[in-house]
Amino acid sequence: MSHSKPRTLPWYVPDGLVDDYCEIARSGGDLRMLKTLKILRSILVNAGIIGITLSALFLTNADATITTVLGIVTLGLYNGIEVADYAALAAAFAEVRAQQTEDDQ
């Protein structure tokens, strides 16, 4: 894949994932639908993590310090992965759009 200019992506955006998303778009995939599904998945997983943490706190009388720390760490790790994935999707979306604009001219 040749680029008109080199990519300048943040450190947390994997180039390979951007390439994969670009390939999906070029082969007829819908990046907008993929973005919507990723956001929906993220909301559901976050609600699940929060629900499990709260139920552990209130229903099982678990140690509040350990349960809260584990819940927050889990949310942080999961959302960090989601941010990197979403940023790669956004970068691929912009790259495909720019390439389509170049092709149209």
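Report follows, based on the coordinates.

Cut-offs and rules
- Residues numbered from 1 in each chain as written.
- Predicted model: local features only at pLDDT ≥ 70, side-chain atom pairs only at ≥ 80, totals over all residues.
- Heavy atoms only, no water.
- Axes fitted to C-alpha atoms, helices over the stretch in contact; angles between N-to-C directions.
- Helix = DSSP H or I, 4+ residues; strand = E, 2+ residues; numbered from the N terminus.
- Parallel < 35°, antiparallel > 145°, perpendicular 65-115°, else oblique.
- Nonpolar A, V, L, I, M, F, W, Y, C, P; charged D, E, K, R; others polar.
- Contact = heavy atoms within 4.5 Å.
- Core = buried A, V, L, I, M, F, W, Y, C linked by side-chain atoms within 4.5 Å.
- Buried < 20%, exposed > 50% of the residue type's maximum accessible area, 1.4 Å probe, protein only.
- Salt bridge = Lys/Arg side-chain N within 4 Å of Asp/Glu carboxyl O.

1. What about the packing of helix α2 (residues 31-59) against helix α3 (residues 64-104)?
A pair of packed helices is characterised by two quantities: the angle between their axes and the separation of those axes. Following both chains from N to C, one finds α2 and α3 inclined at 175°, their axes separated by 10 Å at the closest point. Comparing the axis directions of α2 and α3 gives the class roughly antiparallel. Residue composition of the contact of α2 with α3, grouped by class: 15 nonpolar, eight polar and seven charged.

2. Description of the environment of Leu17
Within the element layout of this structure, Leu17 appears in helix α1 (residues 15-26). Linking Leu17 and Ala87, residues 70 residues apart in sequence, is a C-alpha distance of 9.8 Å. Residues in contact with Leu17, not counting those within four places in the same chain, are Asp85 and Ala88.

3. Considering the nonpolar core
Within the largest apolar cluster, twelve residues are counted, these being Val13, Val18, Tyr21, Cys22, Ala25, Leu31, Ala87, Ala88, Leu89, Ala91, Ala92 and Val96. Those elements that place two or more of their residues in this core are α1 and α3. At six residues, the largest contribution of residues to this core is made by α3. Not counting chain neighbours up to four residues away, the residues in contact with Leu89 comprise Tyr21, Leu31, Leu34, Lys35 and Lys38.

4. Here's the deal with the pattern of salt bridges
Side chains that differ in sign of charge can pair as their charged atoms come close. Under the counting rule described, the total for this entry stands at three salt bridges. With its nearest N and O atoms 2.7 Å apart, the salt bridge here joins Glu82 to Arg41. Placement of Glu82 in helix α3 and of Arg41 in helix α2 is noted, with a sequence separation of 41 residues between them. Between Arg41 and Asp85 there is a salt bridge, with the nearest N and O atoms lying 3.7 Å from each other. Here Arg41, found in helix α2, pairs with Asp85, found in helix α3; they are 44 residues apart in sequence, far enough to count as distant. Judged by its relative accessible area of 37%, Arg41 falls in the partly exposed class. One network of salt bridges, in which partners are shared, links Lys38, Arg41, Glu82 and Asp85.

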